[in-house]
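# Examining the three-dimensional arrangement
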Amino acid sequence: MNEVHSDVLVLGAGFGGLSAAALLAKQGIQVNILESHVDIGGCAGEFKRKGLSFNVGATTISGFAQSKPIYKLCQELGILEQANESLTREDIGLIICKNSKRIRRYSDHVLWLKELSEHFPSIDHKLLWDKLALWDRLAWQMISSNQRLMPSGFLDYLILLKPSNLKGLLLLPELFRSFAQLLTSLNINNREYLELMQELLMITAQNDSSRTPSLMAALGLMYPAEVFYCKGSINSLAHLILDSALSNQASIHYKHKVVNITQEQNIYKVTCSNQKVFFAKKVISNIPIWNLSKIANCDFSRQMNKFSSRFENAPAAFVVNFSVKIDFVLESHFYQIHVKQAIPQCYSSSIFVSFSEQKEPGSYTVTISTHCHADDWLELKEDDYKQAKLQTQSIILEELHLAMPELVNYPKEFLMSATPKSYEFFTSRFKGQVGGIPYDLSNPPWTLCPNRFDDFYLVGDTTFPGQGIASVVYSAMSAVAKLNA
Ligand SMILES: Cc1cc2nc3c(=O)[nH]c(=O)nc-3n(C[C@H](O)[C@H](O)[C@H](O)COP(=O)(O)OP(=O)(O)OC[C@H]3O[C@@H](n4cnc5c(N)ncnc54)[C@H](O)[C@@H]3O)c2cc1C
């Protein structure tokens, strides 16, 4: 049969689509999930080589503290116990290797301030970090107690005007002041410290300190204070969510790439590249808005195109993977290394290194990522592309060994790299752009793409950007709340 009807269609099985599907299935709603790839997880997926699990992209989980989105999702799905078994809180959340320093990002606020004071004694860290911690707490309180973010209509704005949201007004000015301006106002101008903040923002807010609003910088800089490590690979959490959906009668269809969406008499018709056609009154899309705007031929398409073209250039990633067996104990699973030389075809001054424990003791798969512009890779001719990929990979390994000489003598197996071209192929994302749309001074939250167009809802990091998987899961909860309303 080439035509399938269901209550709700979910397009894409990244964390956004899976979370929405599982929540709906739990409510007894009949859900079909269409996924273009052969596996779930998208940018937070995994791939296997000889029994080892390699991360596609994401490696850290934040937002699993009580009342935060991932915790709430697991609680609602009744999978908290299993999630607790897969996730371990990481303290030290991150080790920053800069010049000869190793700066440990403790989750404990006082320990972190002490660590900063030891490395940068002339700065009043308390003044800055107390502010950041307060804004982060208030912002998450606002996010957790409101299901209508991002507002997508008059009713959403009206509901958001409730008195308990008034304290959120405190945060408003911080959407219009850059983090760089905040540092200047506090007389913080130590170059090494500014670089430290800059690179932390690159891996969280994904933006420059002169472009990142202070509020988003607070959320980004507080991210490593609450990091969870997922045993094996991050995909085990995605599988828990999928299993919940399947146990509540949801169906997933792999190798079903959506190529056209039309609307006929209030019913959405979704066509896949294999000619299968699906119908539903309501659709939740996890397809990034750039791609969606090219395949949706519906009433809302013009409006969506407007948003998608405004944010066409977003970050992309270059990622190196390998496996290694070591016989020493790692202090953390996560390291950020400030590099000493420019990385070809990339624009970050740091690399992010994650170690994922495998079954055999001492065996790890390693994921190293850094930022690049998609066009710099997509425009290369085949031979130049291959050569550039090898060159970038080799400089990244050189920097890894400079910062972590304890790794030099251990053989690396399954060494490989991914560019925007690889992400374009495996995740279907436009130009292989990953990590979503960064918050910027020029795009305060209310100017982003709304997550609801009639009975069509959007989830994912191009609709609720900023905090990786935590935001993506929130976007699913918000879409489901709006769908139910
Ligand atoms: C290198 C790297 C490191 C990162 N590190 C972290 C981290 O440590 N922590 C963190 O929280 N976040 C991290 N992120 C960001 C995080 O991975 C993403 O923001 C998040 O996974 C995005 O989820 P999503 O559901 O919005 O989209 P995606 O993961 O892109 O999922 C979309 C899904 O839709 C499918 N799809 C696309 N088009 C179609 C179509 N036409 N038809 C059917 N299916 C389709 C895709 O195959 C995919 O499965 C990282 C990202 C990268 C690339």
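Being a predicted model, the structure only gives us computed values, none of them experimental. Residue numbers restart at each chain and count upward from 1, following the sequence in its written direction. Per-residue local features of the predicted model are confined to residues with pLDDT of at least 70, and side-chain atom pairs are confined, for both listing and counting, to 80 or more; whole-chain, interface and lining totals are unaffected and use all residues. Water and hydrogen atoms were dropped before computing side-chain values, which therefore reflect all heavy atoms in the structure.

The number of helices and strands found in the protein is 16 helices and 21 strands. Using C-alpha atoms as the atom set, the radius of gyration is obtained and then compared with a globule rule of 2.2 Å times the number of residues to the power 0.38. Compactness check: the protein gives a C-alpha radius of gyration of 22 Å against a globular reference of 23 Å for 485 residues, within 12% of the reference. Dimensions along the principal axes, computed over C-alpha positions, put the protein at roughly 65 × 55 × 45 Å. A burial count over the protein gives 61% of its 485 residues as buried. A separation threshold of at least 6 residues defines the contact pool for the protein, and within that pool the share at least 24 residues apart is 72%. Using a 1.4 Å probe, the Shrake-Rupley method yields the accessible areas, and only the shown protein chains count as cover for residues. Counting only carbon and sulfur atoms, one obtains 53% of the accessible surface of the protein, whose full area is about 20000 Å². A gap of 3 Å separates the mean positions of the 45 positive and 46 negative side-chain charges of the protein. Numbering of helices and strands runs from the N terminus, with a helix taken as a DSSP run of H or I at least four residues long and a strand as a DSSP run of E at least two residues long. Only protein chains enter the area calculation, which uses a 1.4 Å probe; residues under 20% of their type maximum are buried, those over 50% are exposed, and those in between are partly exposed. Whether two residues are in contact is decided by their heavy atoms: any pair within 4.5 Å suffices. Only four residue types enter the tally: Lys and Arg on the positive side, Asp and Glu on the negative side; His and the chain ends are excluded. Working definition for charges: the position is that of NZ of Lys, CZ of Arg, CG of Asp or CD of Glu.

With that settled, the discussion passes to the site of the ligand. Only heavy atoms are used to decide nearness, and a residue is near a molecule or strand if one of them lies within 4 Å of it. Residues in contact with the ligand amount to 34 residues; listed here are only the nearest, Glu35, Thr60, Arg429, Asp461 and Ile469. Elements represented by at least two residues in the shell around the ligand include exactly helix 1 (15–26), helix 15 (420–427) and helix 16 (469–484). Here the residues of the shell around the ligand sort into 14 nonpolar, 16 polar and four charged. Amino acids are sorted into nonpolar (Ala, Val, Leu, Ile, Met, Phe, Trp, Tyr, Cys and Pro), charged (Asp, Glu, Lys and Arg) and polar (every other residue, Gly among them).

Moving on: the packing of helix 2 (residues 69–77) against helix 10 (residues 235–247). Helices that pack against each other are described as a pair by the angle of their axes relative to one another and the distance between those axes. Where helix 2 meets helix 10, the axes come as close as 11 Å, and the angle between the chain directions of the two elements is 35°. Between helix 2 and helix 10 lies a crossing whose hand is left-handed. Residue-level contacts link Ile70, Leu73, Cys74 and Leu77 of helix 2 to Leu237, Ile241 and Ser244 of helix 10. Within the contact of helix 2 with helix 10, the residues separate by chemical class into six nonpolar, one polar and no charged. Note on geometry: axes are C-alpha line fits, over the in-contact stretch for helices, and angles between N-to-C directions span 0 to 180 degrees. With the far helix as reference, a near helix turned anticlockwise by less than a right angle produces a left-handed crossing, and one turned clockwise produces a right-handed crossing.

Here we come to helix 10. Helix span, as expected, comes to 1.5 Å for every residue beyond the first. Over its 13 residues, helix 10 runs 18 Å from end to end, which matches the ideal 18 Å to within 8%, given 1.5 Å per residue. Among all positions of helix 10, only Asn235, Leu237, Ala238, Leu240, Ile241, Leu242, Ser244 and Ala245 are buried. With its phi angle positive at about 75°, glutamine 249 sits one or two positions after the end of helix 10.

Here a pair means two rings of Phe, Tyr or Trp (six-membered ring of Trp) with centres within 6.5 Å. Their orientation is stacked below 30 degrees between planes, edge-to-face above 60, and tilted elsewhere. Enumeration over the complete set of coordinates arrives at 20 aromatic pairs. Judged by centre distance (6.2 Å) and plane angle (10°), the ring pair of phenylalanine 334 and phenylalanine 352 falls under stacked. You can see phenylalanine 334 sitting in strand 16 (residues 334–338) and its partner phenylalanine 352 sitting in strand 17 (residues 350–357), a full 18 residues away along the chain. You'll find phenylalanine 334 and phenylalanine 352 in the same group, each marked buried. Ring geometry for phenylalanine 425 and phenylalanine 426: centres 4.9 Å apart, planes at 85°, overall edge-to-face. In this structure phenylalanine 425 comes out as exposed when scored by relative accessible area, which is 65%. Classification of phenylalanine 426 as partly exposed rests on a relative accessible area of 43%. Of the aromatic side chains, those joined through ring pairs into one cluster are Tyr268, Phe300, Phe453 and Phe456. Positioned above the aromatic ring of phenylalanine 307 is the side chain of lysine 306, whose terminal nitrogen or guanidinium carbon lies 5.6 Å from the ring centre. By the criterion adopted, a ring carries a charge over it if an Arg CZ or a Lys NZ lies within 6 Å of its centre and within 35 degrees of its normal.

On to the sheet that holds strand 9 (residues 227–230). Taken together, the three strands give an open sheet; going across it, the order is 5-9-6, and neighbouring strands pair in antiparallel fashion. Either end of the sheet is taken by a strand with one partner, and the two such strands are strand 5 (60–61) and strand 6 (87–90). A strand pair is defined by DSSP finding two or more bridges across the two strands. Strand direction decides the pairing type here: strand 5 and strand 9, joined by two bridges, are antiparallel. Across the sheet, the residue bridging to threonine 60 is tyrosine 229, located in strand 9.

Below, the discussion takes up the side chain of glutamate 174. Structurally, the position occupied by glutamate 174 is in the loop between helix 6 (154–160) and helix 7 (179–185). Here glutamate 174 falls in the buried class, since its relative accessible area comes to 8%. There is a polar contact of 3.1 Å between the side chain of glutamate 174 and the side chain of arginine 177. When residues no more than four places from it in sequence are discounted, the contact partners of glutamate 174 are Trp135, Pro213, Ser214 and Leu215. Two N or O atoms count as a polar contact when they lie within 3.5 Å, although within protein this holds only if one can serve as hydrogen donor and the other as acceptor, and sequence-adjacent residues are included solely when both atoms are side-chain atoms.

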